[in-house]
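Remarks on the overall topology
What follows is the residue order along each chain.
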Amino acid sequence: MPMTPKTLCHIVAGPLGVGKTSAILHYLRDHGARQRIGVLVNDFGPVGLDSTTLAAEAPTTKVINVPGGCICCTMLATLPESIGRMVSDQALDRLIIEPSGMATPAKVIDVLRQMERETNVSLQPVIVMLSAADFDEETLEQMPYYQMFHEAADILVFNRCDQASASKVGRAKQWADKLDPPKLRVVSTSHGQLPAELFDLSVETPHTHEPIAGAHHHHDHDPTVHPGGFVLDAGRVFDEEILRANLARIRDQGIAENRVLRLKGVFHTQVGWQSIEIANREVSMRSSAHRRDSRMEWLTQPGVVDQTRMLMEIERPLN
Ligand SMILES: Nc1nc2c(ncn2[C@@H]2O[C@H](COP(=O)(O)OP(=O)(O)O)[C@@H](O)[C@H]2O)c(=O)[nH]1
Ligand SMILES: [Mg+2]
């Protein structure tokens, strides 16, 4: 069977007015003439101003507007059809999707993941834009509206740096560099001038267990405390009930002779993506907007627990 070339699909998400359309326009100005690019914009209003601007400024680009509300609610059901039609009619090199600032990016990602199985689209690292001018650690960490954006990001862009002090931009980047799981890139810019290389990055989807890079740098100087970790393909789906029960057992009983001092991860489960943690002898689980891969890291004492053993422990069937 002949291989159809993949249509690289980019999601550019972020709060209302952060600079998403500006970023897409910037990319189109530099690359629109050399590639066949389609843009799917989703204005929250009925008029579709973004698509009008885009169509006017990038005449060689095929722009589709999904009007009236956000992709995540009203349009979610018809999104596969719009994308499918756009990809097959236009034989696109790239498709850029701008969900409205009201949309839940994770839901759009889920649609795209499903479409990857059925069509030739290939979802590229998700770009999320935040405002450097409005940077506030507490808001980003505690308000669900902002959480859903930075959690879903593979690439985090702080835009509006022209309106922020250098120290604020510095704090924003410092905060982003500490996020867990780490982002592929954290960049700061103004007026949506994203470095073009952001559109050429790919998410490595490991099919074997991989130690998390740098995991062994996390331990303090106690030689009896040992870190471990793994990253697994997003396509692997875990059983939430089994995961939860095994985490509780691991918290109470440890693994073999080892105590689990700390453990955290994100998992693709049959009931969605879950962020999990063992901290202060409590197990917690909550839904996460992270979509890139399942991963976990831990600290054990006094011995090492390797990836294979840990995976066996968290997937151990219930009796
Ligand atoms: N000062 C400043 N204005 C910006 C910047 N990025 C975008 N804008 C302006 O902010 C408004 C909203 O930008 P837009 O790209 O439409 O945001 P969207 O709602 O995320 O698509 C527009 O008037 C842009 O020209 C920036 O970095 N600095
Ligand atoms: Mg816009």
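Here's a quick rundown of the structure. (Residues numbered from 1 in each chain as written. Chains lettered and ligands numbered in written order. Predicted model: local features only at pLDDT ≥ 70, side-chain atom pairs only at ≥ 80, totals over all residues. Heavy atoms only, no water.)

Our focus in this paragraph is the site of ligand 1. With respect to spatial proximity, 14 residues lie near ligand 1, and among them Lys20, Ser22, Arg160, Asp162 and His191 are the closest. For ligand 1, an oxygen atom lies 2.6 Å from a polar atom in the side chain of Ser22. Gln163 places a side-chain nitrogen or oxygen 3.2 Å from a nitrogen atom of ligand 1. About the coverage of ligand 1: the protein hides 69% of its 580 Å² of free accessible area. Of the residues forming the shell around ligand 1, the biggest block, 3 residues, is contributed by helix H1 (residues 20–31). (Near = heavy atom within 4 Å. Polar contact = N/O pair within 3.5 Å; in protein donor to acceptor, adjacent residues only side chain to side chain. Areas by Shrake-Rupley, 256 points an atom, 1.4 Å probe, with all protein chains shown as cover. Helix = DSSP H or I, 4+ residues; strand = E, 2+ residues; numbered from the N terminus.)

The next thing to look at is the pattern of salt bridges. Considering all chains together, one arrives at 16 salt bridges under this definition. Put simply, Arg85 and Glu81 hold a salt bridge, and the shortest N to O gap is 3.4 Å. Separated by 4 residues within a single helix, Arg85 and Glu81 lie in helix H3 (residues 79–90), roughly one turn from each other. In this structure Glu81 comes out as exposed when scored by relative accessible area, which is 52%. Taking the shortest distance from any N to any O, the salt bridge between Asp154 and Arg292 comes out at 2.7 Å. One end of the pair, Asp154, is in the loop between helix H6 (144–152) and strand E7 (155–159); the other, Arg292, is in the loop between strand E12 (282–287) and strand E13 (293–301), with 138 residues separating them in the sequence. When its relative accessible area of 6% is taken as the criterion, Arg292 is described as buried. Sharing partners across several salt bridges, the network here consists of Arg249, Arg309, Glu313 and Arg316. (Salt bridge = Lys/Arg side-chain N within 4 Å of Asp/Glu carboxyl O. Buried < 20%, exposed > 50% of the residue type's maximum accessible area, 1.4 Å probe, protein only.)

Glancing now at a negative patch on the surface. Side chains of Asp136, Glu137, Glu138 and Glu141 sit close together on the surface and give a patch of like negative charge. Its location among the elements puts Glu141 in helix H5 (residues 137–142). (Patch = residues over 30% accessible without salt bridge, like charges linked within 9 Å, V, L, I, M, F, W, Y side chains within 5 Å. Lys, Arg positive; Asp, Glu negative; His and termini not counted. Charge placed at Lys NZ, Arg CZ, Asp CG, Glu CD.)

What follows covers the nonpolar core. By size, the foremost hydrophobic cluster in this structure holds 42 residues, and its most contacted members are Ile11, Ile83, Leu95, Leu112, Leu156, Phe158 and Trp175. At 6 residues, the largest contribution of residues to this core is made by helix H4 (residues 105–118). Residues contacting Ile83, with those up to four places away along its chain left out, are Leu40, Leu95, Ile97, Leu112, Met115 and Val121. If you look at the next biggest cluster of nonpolar residues, it comprises 23 residues, including Ile37, Val157, Val187 and Phe199. (Core = buried A, V, L, I, M, F, W, Y, C linked by side-chain atoms within 4.5 Å. Contact = heavy atoms within 4.5 Å.)

What follows concerns unusual backbone geometry. Residue Pro181 is bonded to the preceding Asp180 through a cis peptide linkage, with omega at 0 degrees. Within the secondary structure layout, Pro181 lies in the loop between helix H7 (166–177) and strand E8 (185–188). Following Gln301, the chain continues to Pro302 via a peptide bond in cis, the omega torsion being 5 degrees. By the secondary structure assignment, Pro302 is in the loop between E13 and helix H9 (307–314). One non-glycine residue, Arg160, lies in the positive phi region at around 65 degrees.

Within E13, 8 of the 9 residues are buried, leaving the element largely enclosed by the surrounding structure. Relative to E13, strand E9 (residues 226–233) runs antiparallel, the two sharing 8 bridges. Counted as the bridge partner of Asp233 is Asp293 from E13. Pairing geometry for strand E10 (residues 259–269) and E13, over 7 bridges, is antiparallel. By the bridge assignment for E13, Lys264 is matched with Glu297. (Pairing = 2+ DSSP bridges.)

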